[in-house]
Amino acid sequence: MKKDIGITIFFCLICIVTACMSSSFLCVNNIQNLTRLIGIFGIFSIGVGFVIITGGIDLSVGSVIALLGIVLYYFLIPFQMPWYFAVILVLLISALLGLIHGLLVTVGKIQPFIATLCGLLIYRGAARYISGDSTKGFGGCEGFESLRFLATGTLAGIPMPFILLMIIGLVAWVLLHRSVYGRYLLAIGKNEQAVRYSGINTKTVILFAYVIASLLTGVSAILFTFYCNSVAPSTHGNFYELYAIAAAVLGGCSLRGGEGSIFGIIIGTALLRVLRNLVILLGIPSSLDFAVMGFVILLSVFVDQFLKTRKKGR
């Protein structure tokens, strides 16, 4: 709770500073686009948060987004599938990828870093090979305007991705903070061995976390594909796993596992997008965006380390 309050106060201060430095920040179009991106990035960040709470990591997010974007293109354009059937298949594929990650970690005993790093490389390579390393566009989105609306439309002035984030965030909050599964997940992050000795099937709990992460990445992949209206397999989704990790860590998820909140992850995502927005509005070279993100991750880890050491000292 203290971490949530702290990151919320920090987020509000950053918004105030950004608004003072650039009058364009509070423009309706900028706020709408900002909240739209918060929605898209926040959805897969929540998924990565579930994995981090177990003490794991998922480095495959960006490559999964690229691969699923290419797959969605082929389902909708060359194969001419109904959009809802294509969406179901893409989400099933994303869940399957999460299942593979979870099996590699729980059954294969492979470190999450290595398992998902391999996924990062494999999925990016597959996306480039399937597409012939060429950009795939959706034109005017004829026949699947509904998907375009979900990615770029608004309801009562609120961008649809942000509405989806609120819905998914509520479900994730109940799952993590008000369910038996959530209690098991947090307990595993703190001491997996103790939880296993208490008779809980820790492998299933961890496996489900990776499936959740990949499934939410699939949702974001669909939204991001139609937000961009095209997929460039070599760059689509690049470094998005770092955004997710940074958002989760900023939101109170400890990289050691056992801690985290859905509200904090959403605020962490919003903070990163506001910082990115500030870089754009002030005309700062976009290359510094990654430097800012790296600094934020490093600072968050140091703060987490300090709090852990101080807590042990008591």
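Residues numbered from 1 in each chain as written. Predicted model: local features only at pLDDT ≥ 70, side-chain atom pairs only at ≥ 80, totals over all residues. Heavy atoms only, no water.

**A look at helix H5 (residues 112-130)**
In step 1: Its 19 residues place the ends of H5 26 Å apart at the C-alpha level, agreeing with the 27 Å of an ideal helix rising 1.5 Å per residue.
In step 2: Among the residues making up H5, those that are buried are Pro112, Ala115, Thr116, Gly119, Leu120, Tyr123, Arg124 and Ala127. Down the axis of H5, the sector holding all buried residues measures 155 degrees, keeping them to one side. Seen from the buried face of H5, the exposed residues on the opposite side, beyond 90 degrees, are Leu121, Ile122 and Tyr129.
In step 3: Contacts made by the buried residues of H5 are with helix H3 (61-76), helix H4 (83-106), helix H9 (202-228) and helix H10 (240-250).
In step 4: Of the residues trailing H5, Gly132 is marked for its positive phi of about 70 degrees. (Helix = DSSP H or I, 4+ residues; strand = E, 2+ residues; numbered from the N terminus. Expected span 1.5 Å × (residues − 1). Buried < 20%, exposed > 50% of the residue type's maximum accessible area, 1.4 Å probe, protein only. Arc of directions from axis to C-beta. Contact = heavy atoms within 4.5 Å.)

**Some points on the environment of Leu242**
In step 1: By the element assignment, Leu242 lies in helix H10.
In step 2: C-alpha separation for the pair Leu242 and Ile65, spaced 177 residues apart in sequence, amounts to 13 Å.

**Observations regarding the packing of aromatic side chains**
In step 1: Per the counting criterion, the structure on display carries 15 aromatic pairs.
In step 2: For the ring pair Tyr73 and Tyr74, a centre distance of 5.2 Å and an interplane angle of 80 degrees mean the geometry is edge-to-face.
In step 3: Ring geometry for Phe138 versus Phe144: centroids 6.2 Å apart, planes at 85 degrees, classification edge-to-face. Both residues of the pair, Phe138 and Phe144, count as buried.
In step 4: Pairwise contacts between aromatic rings join Phe41, Phe44, Phe224, Tyr227, Tyr240 and Tyr243 into one cluster.
In step 5: For Arg273, the ring lying beneath its charged end belongs to Phe41, and the centroid distance is 4.4 Å. (Phe/Tyr/Trp six-rings, centres within 6.5 Å; stacked < 30°, edge-to-face > 60°. Lys NZ or Arg CZ within 6 Å of the ring centre and 35° of its normal.)

**Details of H9**
In step 1: Look at H9: 39 Å from first C-alpha to last across 27 residues, which is about the 39 Å you get at 1.5 Å a residue.
In step 2: When you tally the buried positions in H9, you get 21 out of 27 residues, the bulk of the element.
In step 3: The distance from a side-chain oxygen at the start of H9 to the backbone nitrogen of Lys203 is 3.3 Å, and the residue carrying that oxygen is Asn201.
In step 4: Remark: Asn229 follows H9 within two positions and exhibits a positive phi of approximately 65 degrees. (Polar contact = N/O pair within 3.5 Å; in protein donor to acceptor, adjacent residues only side chain to side chain.)

**Thoughts on a nonpolar patch on the surface**
In step 1: On the surface, Leu96, Leu99, Ile100, Leu103, Leu104, Val107, Ile110, Phe113 and Ile114 cluster together into a nonpolar patch covering about 720 Å² of accessible area.
In step 2: Among the secondary structure elements, those contributing two or more residues to the nonpolar patch are H4 and H5.
In step 3: A total of 5 residues in the nonpolar patch trace back to one element, the largest contributor, which is H4.
In step 4: Position of Leu96 among the secondary structure elements: in helix H4.
In step 5: Owing to a relative accessible area of 46%, Leu96 belongs among the partly exposed residues under this scheme. (Patch = residues over 30% accessible without salt bridge, like charges linked within 9 Å, V, L, I, M, F, W, Y side chains within 5 Å. Areas by Shrake-Rupley, 256 points an atom, 1.4 Å probe, with all protein chains shown as cover. Salt bridge = Lys/Arg side-chain N within 4 Å of Asp/Glu carboxyl O.)

**Topic: the packing of helix H2 (residues 28-53) against helix H7 (residues 160-177)**
In step 1: Between H2 and H7, the shortest axis-to-axis distance is 7 Å and the interhelical angle comes to 20 degrees. As far as their axial angle goes, H7 and H2 are roughly parallel. Considering the relative orientation of H2 and H7, their crossing is left-handed. Along its contact with H2, which presents Thr35, Arg36, Ile38, Gly39, Ile40, Gly42, Ile43, Ile46, Phe50 and Ile53, the element H7 presents Pro161, Phe162, Leu164, Leu165, Ile168, Gly169, Ala172, Leu175 and Leu176.
In step 2: Residue composition of the contact of H2 with H7, grouped by class: 14 nonpolar, 4 polar and 1 charged. (Axes fitted to C-alpha atoms, helices over the stretch in contact; angles between N-to-C directions. Parallel < 35°, antiparallel > 145°, perpendicular 65-115°, else oblique. Left-handed = near helix turned anticlockwise from the far one by under 90°. Nonpolar A, V, L, I, M, F, W, Y, C, P; charged D, E, K, R; others polar.)

**Looking at the environment of Asn229**
In step 1: Locating Asn229 in the fold gives a position in the loop between H9 and strand E4 (230-231).
In step 2: Considered as a pair, Asn229 and Ile158 are 71 residues apart in the sequence and their alpha carbons are 20 Å apart.

**With respect to the state of the cysteines**
In step 1: The final tally for this structure, using the stated rule, is 0 disulfides.
In step 2: Between Cys12, a cysteine without a disulfide, and Cys15, which holds the nearest cysteine sulfur, the sulfur-to-sulfur distance is 6.4 Å.
In step 3: According to the relative accessible area criterion, Cys12 is partly exposed, its value standing at 39%. (Disulfide = S-S within 2.5 Å.)

**A few points about the pattern of salt bridges**
In step 1: If you walk through the whole model with that rule in mind, you get 2 salt bridges.
In step 2: Note that Arg128 and Asp133 form a salt bridge whose closest N and O atoms lie 2.9 Å from each other.
In step 3: Given the relative accessible area of 36%, Arg128 is considered partly exposed.
In step 4: Of the residues examined, Asp133 reaches a relative accessible area of 39% and is grouped as partly exposed.
In step 5: In this structure, the salt-bridge partner of Arg196 is Glu192, at a minimum N-O distance of 3.6 Å. Highlighted residues: Arg196 and Glu192, both in helix H8 (residues 180-197), separated by 4 residues, approximately one helical turn.
In step 6: A relative accessible area of 40% means that Arg196 is categorised as partly exposed.

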